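What follows is each chain in one-letter form.
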Amino acid sequence: MKRLLAILVLLMIVVGVAWDSMTGRAIDSLLDEDVTLLNDETMQALLPLPAAAPQVPLRVSLGERLFFDPRLSADQTVSCAACHRFDRGGADGMPVSVGIGGARGPINAPTVFNAALAFAQFWDGRAATLEEQAAGPLHNPLEMGSSWSIVLERLNADPAMRRDFALAYPEGLSAASVADAIASFERTLLTPDSPFDRYLAGERQAMSPQAIDGYQRFRDYGCISCHQGVLLGGNMYQKFGVLGDYFAGRAVTKADLGRYNVTGREEDKHVFKVPGLRNVALTAPYFHDGATDSLAAAVAIMGRYQLGRELSEEDVTAIVAFLESLTGKQPVAGLAR
């Protein structure tokens, strides 16, 4: 028994020495001026934007034509592209979108760019797929105010549409095939090759020193706990106002209730899908309510209500520089029209 105890003690000493050595080397490496954030374990949470998944070309072409087609709306004045503009980072640049007859919606339009990589669609996550999402605005009376029967009647009256859907889908024109075509097109709307992507791939000069400093602060202050993954968001729900009441002193709207409108659970009040931050410099105004056009102000608001801290001007400037490095190559509109 004594011999066994002696062996165990010896093993513990060996393991302890090895652990101290490994820890020392890790600390030394983190302090090494030549080691960039690329070697940091927190980078495991962030990935470069992948290439778009392969799609059937004819279905993508049909989806693009439909994306820009106002015949999907009841009065034939509003297309998907009206709220998801290619010159606005896939959003529309307004606090809330304008639908048929000038109707104003209740919530800010999220970007369609990179939406294929999000775990759910809409601020409240009520659609699990892009196909489900496509049906939402089409039926919403404040957006397109239409129906599948109206859309299919119009498209069936178009010989070219009828022919191409027959070629692309066994069932031809149907609600499912129209939604699938639009989703197929949207799956191609990725924005690769941002400075941050290139930095993640090892191109050390792709980001400015200020942007790298901003990423350090973004990570160290805990922003990365929600804004993570390939989209720097878009993969979880979170309450807006974790460490402060964002909604205090204002009339709370139905849109402010967020995920609660889907689940009816008290704990889901003011809970939203965490937005991805790619191209965020192009998609003002910010938040579900379009509260501010200023990215700097948005960063300060997030610091106050999500982190419980007042960010300094230096913090904000650096983090904004990092966020600007997330702008990737923008899709080109209208190739299939």
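See the structure printed just above.
A brief structural summary. Just so it is clear, the structure is predicted and the values come from calculations on it, not from any experiment.

Basis of the calculations
Residues numbered from 1 in each chain as written. Predicted model: local features only at pLDDT ≥ 70, side-chain atom pairs only at ≥ 80, totals over all residues. Heavy atoms only, no water. Helix = DSSP H or I, 4+ residues; strand = E, 2+ residues; numbered from the N terminus. Buried < 20%, exposed > 50% of the residue type's maximum accessible area, 1.4 Å probe, protein only. Contact = heavy atoms within 4.5 Å. Phe/Tyr/Trp six-rings, centres within 6.5 Å; stacked < 30°, edge-to-face > 60°. Lys NZ or Arg CZ within 6 Å of the ring centre and 35° of its normal. Expected span 1.5 Å × (residues − 1).

**Quick look at the side chain of Ser 194**
1) Next: Take Ser 194: it is sitting in the loop between helix H7 (175-186) and helix H8 (195-200).
2) Next: Residue Ser 194 is classed as buried on the basis of its relative accessible area of 0%.
3) Next: If sequence neighbours within four positions are ignored, Ser 194 has contacts with Arg 278, Ser 325, Leu 326, Thr 327 and Gly 328.

**Examining the packing of aromatic side chains**
Here the distance between the centres and the angle between the planes together describe a pair of aromatic rings.
1) Next: Taken as a whole and judged by the stated rule, the model has 20 aromatic pairs.
2) Next: Judged by centre distance (5.5 Å) and plane angle (70°), the rings of Phe 67 and Phe 68 are edge-to-face.
3) Next: A relative accessible area of 18% means that Phe 68 is categorised as buried.
4) Next: Here Phe 196 and Phe 322 contribute two aromatic rings whose centre-to-centre distance is 5.2 Å and whose plane-to-plane angle is 85°, an arrangement assigned as edge-to-face. Of this pair, Phe 196 sits in helix H8 while Phe 322 sits in helix H12 (residues 313-324), and the two are 126 residues apart along the sequence. Across the pair, exposure class does not vary: Phe 196 and Phe 322 are buried alike.
5) Next: Over the face of the ring belonging to Phe 122 we find Arg 126, whose NZ or CZ atom lies 3.7 Å from the ring centre.

**Topic: helix H9 (residues 209-220)**
1) Next: Taking 1.5 Å per residue as the helical rise, H9 with its 12 residues ought to reach 16 Å, and the 16 Å between its terminal C-alpha atoms agrees with that figure.
2) Next: Among the residues trailing H9, Gly 222 stands out with phi positive, at a value near 100°.

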